[in-house]
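Take a look at the letters that make up each chain.
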Amino acid sequence: QVHLVESGGGLVQVGGSLRLSCTASGSTFSINVMAWYRQAPGKQRELVASVYSRGVTNYADSVKGRFTISTDGVRNTLYLQMNSLEPDDTAVYYCFADAREIGKYWGPGTQVTVSS
């Protein structure tokens, strides 16, 4: 199994920055994809950014140029640097890991609120 815990959420003003972290433990050697998702009130959960084990990254169009996903290189910690935050970025942010045959895992989430 893989256990994920997010941190770094909070309240920030428009234009501000936050860095989210996700600490992974357990069978992390099986992880081939890690990602950040978010879910705003009344909306479906959506992919924000993902990173594959070989370093390939993907971003939602709404965050390109503002957010950066990265890892510590050994898939134990996932980061999301969020700059130029906007009110529409307000959501609960979830860490996700695809650990192949081990399974797919989610963290409990961390709240990000952007005030205008």
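Each remark here, short or long, concerns the structure printed above.
Residues numbered from 1 in each chain as written. Predicted model: local features only at pLDDT ≥ 70, side-chain atom pairs only at ≥ 80, totals over all residues. Heavy atoms only, no water.

(A) Representation of the overall build of the protein. Looking only at helices and strands, one finds zero helices and eleven strands in the protein. Walking the protein from its N terminus toward its C terminus, one meets helices and strands in the order β-β-β-β-β-β-β-β-β-β-β. Taken against the 2.2 N^0.38 rule, which gives 13 Å for 116 residues, the C-alpha radius of gyration of the protein at 13 Å falls within 12% of a compact globule. Its C-alpha atoms give the protein principal-axis dimensions of about 45 × 25 × 20 Å. Counting only residues that meet the buried cut, the protein has 44% of its 116 residues in that class. Within the protein, residue pairs in contact and separated by at least 24 positions form 54% of the contacts whose partners lie at least 6 positions apart. In the structure as shown, the protein presents an accessible area of about 6,100 Å², 47% of it carried by carbon and sulfur atoms. Looking at the protein, you have 10 positive and 9 negative side-chain charges, and the mean spots of the two groups are 4 Å apart. (Helix = DSSP H or I, 4+ residues; strand = E, 2+ residues; numbered from the N terminus. Rg over C-alpha atoms; globule rule 2.2 N^0.38 Å. Buried < 20%, exposed > 50% of the residue type's maximum accessible area, 1.4 Å probe, protein only. Contact = heavy atoms within 4.5 Å. Areas by Shrake-Rupley, 256 points an atom, 1.4 Å probe, with all protein chains shown as cover. Lys, Arg positive; Asp, Glu negative; His and termini not counted. Charge placed at Lys NZ, Arg CZ, Asp CG, Glu CD.)

(B) Structural context of the nonpolar core. Ranked by internal contacts, the top residues of the largest apolar core, which has 30 residues, are L4, M34, W36, L80, M82 and Y93. Counting residues per element, the ones that place at least two in this core are β1 (2-7), β3 (18-26), β4 (33-39), β5 (46-52), β7 (67-71), β8 (77-82), β9 (91-98) and β11 (110-115). Discounting residues that sit within four places of it in the chain, L80 has contacts with L18, R19, L20, W36, V48, A49, F67, T68, I69 and Y93. (Core = buried A, V, L, I, M, F, W, Y, C linked by side-chain atoms within 4.5 Å.)

(C) The arrangement of the pairing of β9 in detail. Of all eight residues in β9, seven are buried; the element is thus mostly enclosed. Here β4 pairs with β9 via seven bridges, running antiparallel. Bridge assignment links A35 to a residue of β9, and that residue is F96. Here β9 runs beside strand β10 (residues 104-106); their pairing, made up of three bridges, is antiparallel. Within β10, the residue paired with A97 across the bridge is Y105. Between the end of β9 and the start of β10, which pair antiparallel, lie five residues, with R100 showing a positive phi angle near 50 degrees. (Pairing = 2+ DSSP bridges.)

(D) Structural context of the pattern of salt bridges. What the rule picks out here adds up to six salt bridges. One salt bridge in this structure joins D61 and K64, with 3.1 Å as the shortest N-O distance. In this structure, the salt-bridge partner of R66 is D89, at a minimum N-O distance of 2.8 Å. Placement of the pair is R66 in the loop between β6 (57-59) and β7 and D89 in the loop between β8 and β9, with a sequence separation of 23 residues. One exposure class covers both R66 and D89, and it is buried. (Salt bridge = Lys/Arg side-chain N within 4 Å of Asp/Glu carboxyl O.)

(E) Layout of the sheet that holds β7. Pairing is antiparallel across the open sheet formed by four strands, whose spatial order is β1-β3-β8-β7. Two strands bound the open sheet, and with one partner strand each, they are β1 and β7. Direction aside, the axes of adjacent strands within the sheet are offset by 15 degrees on average. (Axes fitted to C-alpha atoms, helices over the stretch in contact; angles between N-to-C directions.)

In short, geometric facts, not functional conclusions.
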